[in-house]
Amino acid sequence: MMNTAVDVALARFQPRLPLAVAYSGGADSTALLLACAQRWPGRVHAIHVHHGLQPAADAFEQACRAFCAQIGVPLSVGRVDARHRCGESPEDAARRARYEEIRRIAGAIRSPDAIEDIALAHHADDQVETLLIALSRGAGLPGLAAMPAVAERSGLRWHRPLLEVPAGAIREWLRCRGVRWIEDPTNADPQYLRNRLRATVLPALDASLPQFRALFARSARHAAEAQGLLEELAREDLERVGDPPALAALRLLSEPRRRNLLRFWLRTRHGTTPTAAQLSELSRQIAHCSTRGHGLRIRVGRGLAERRGDCLVWMPEES
Ligand SMILES: Nc1ncnc2c1ncn2[C@@H]1O[C@H](COP(=O)(O)OP(=O)(O)OP(=O)(O)O)[C@@H](O)[C@H]1O
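Please read all numbers here as calculations on a predicted model, not as lab measurements.

Colleague: I'd love a proper account of the sheet that holds strand 8 (residues 303–308), names of residues and values included.
Modeller: Strand order in this open sheet of three strands is 7-8-9, and the pairing throughout is antiparallel. Every other strand in the sheet has two partners, leaving strand 7 (297–300) and strand 9 (311–316) as the edge strands with one partner each. Direction aside, the axes of adjacent strands within the sheet are offset by 30° on average. Taken together, the six bridges between strand 8 and strand 9 define a ladder with antiparallel strand orientation.

Colleague: Now, about helix 8 (residues 193–208): what can you tell me, with residues and values included?
Modeller: An ideal rise of 1.5 Å per residue puts 22 Å on 16 residues; helix 8 measures up with 21 Å between its terminal C-alpha atoms. Buried within helix 8 are the following residues: N195, L197, L202 and L205. Buried residues in helix 8 make contact with helix 5 (124–136) and helix 9 (212–241).

Colleague: So what about the side chain of D126? Which residues, and what values?
Modeller: In this structure, D126 sits in helix 5. Among buried Asp, Glu, Lys and Arg side chains, D126 stands out as unpaired, with R194 the closest opposite charge at 4.5 Å. Look past the residues within four positions of D126 in its chain and what remains in contact with it is A121, M147 and R194.

Colleague: Tell me about the pattern of salt bridges, and name the residues and values.
Modeller: Here the idea is simple: oppositely charged side chains can pair when their charged atoms come close. Counted according to the given criterion, the structure contains 25 salt bridges. With a shortest N-O distance of 2.4 Å, R299 and E317 are connected by a salt bridge. Taken as a pair, R299 in strand 7 and E317 in the segment after strand 9 lie far apart in primary sequence, 18 residues in all. Residues participating in the shared-partner salt-bridge network are R16, E116 and D117.

Colleague: Explain the UniProt feature "domain: tRNA(Ile)-lysidine synthase substrate-binding" (unreviewed entry) in the protein to me, using residue names and the numbers behind them.
Modeller: In the numbering used here, UniProt assigns the "domain: tRNA(Ile)-lysidine synthase substrate-binding" (unreviewed entry) feature to residues 247–311. Measuring from the first to the last C-alpha atom of residues 247–311 gives 5 Å, for a span that is 54% helix and 17% strand.

Cut-offs applied
- Residues numbered from 1 in each chain as written.
- Predicted model: local features only at pLDDT ≥ 70, side-chain atom pairs only at ≥ 80, totals over all residues.
- Heavy atoms only, no water.
- Pairing = 2+ DSSP bridges.
- Helix = DSSP H or I, 4+ residues; strand = E, 2+ residues; numbered from the N terminus.
- Axes fitted to C-alpha atoms, helices over the stretch in contact; angles between N-to-C directions.
- Expected span 1.5 Å × (residues − 1).
- Buried < 20%, exposed > 50% of the residue type's maximum accessible area, 1.4 Å probe, protein only.
- Contact = heavy atoms within 4.5 Å.
- Lys, Arg positive; Asp, Glu negative; His and termini not counted.
- Salt bridge = Lys/Arg side-chain N within 4 Å of Asp/Glu carboxyl O.
- UniProt positions renumbered as here; feature names shortened; annotations may be inferred.

This is the structure in C-alpha cells:
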C-alpha cells in the first residue's frame, strides 16, 4: 500500500509506551487507533468517553467496543455529564470534562506499566478551524498559537501525531483499508461556528490557496513561540514584583508588559482569565494608584482584584 501522509506522520511519532489513544469512534481517532495498534501491538490502550447528554452516545460506545474487540485493543469507557458553567460554551464544557475523564481513566490503567502518554486525533483541518475560530474572537497570541503537537498537562504528555495530516487523507487511509467509522451528526450542525467554517471557508481556501494548511500551521507555530517568550518575560517580571505583586513595582512596567504580567499572574496563581476590557482597566487603575489613600477594587475574571496595603491581591467571588 502507498506510503500516505498518515503513515509518514505515524513513522515520526515516538511516544512512550504503553500509549493510550483517545478514541471517539469518528474517522480520525479510528485511523489513529488502528495505526498505533498495528505499529505497537499489545502496547496500545483505547479510552472512550461517553457523553451522557448526547442522544447518540450509546451507539458510539457500542461501535467503539465492537471495533476494539475486532482489532484486539483493550478499551476503557468513562462517562461525563458535561453541563456547562456560567460563561462557558457547551462545547468547551464537554471538552474540559472529556479531558478530565481521559486523565482519570489513564491514571487507573496498568498495562502492565502506567500510562504517561495520550494521543489525540486532531488533524490539519482541525488546526486551521481552531485558528480561524481564534481570529473570529479577536484572540491574542495564546489563541493564535492554536493546538500544540505535544503538551504536558496534569502529569501526562498529550500528543497530536496527525496535526499535519489533512482530514481527507485520513478518510482515504481508512477507505483503502475497508475500515468504517461513525459520523457524529453534530459535526454537520450549522449552529456551531466550527462546522460552518468546515463546510464553507475551508473549501474556499482549498480552491484559492491549496497550501493553506501548512501555511496556517506555520503561523500558529510562530504565535506559539512568541507566546512562550512572553511567558518567560512574565515569569521573570513576577519574580521581580513579588507575589502578591507590589503596586509600586507594577507601575514601573510599560503598559503592555504590565498587562502581560497580570494576565500570567491571574492565570497561573489564581486560575482565572480576565477579559481584555477588565485587564486594561486593572492596568490603568494600577498606573494611577500612586498615593497611600488611593483605593483599588475591580472585578477581574471570576473574582475581585483589590489593593491591600502596598500590594495587589485577587480573591475569588463568593458563589
Ligand atoms: N468521546 C470521546 N472519547 C474519547 N476521545 C475523544 C472523544 N471525543 C473526542 N475525542 C478525542 O479528541 C479528539 C478531537 O475531538 P473532536 O471532537 O475534534 O473529534 P471527533 O470529530 O469527535 O472525532 P474524530 O477526531 O475521531 O473524528 C478526537 O480526535 C479524539 O482523539
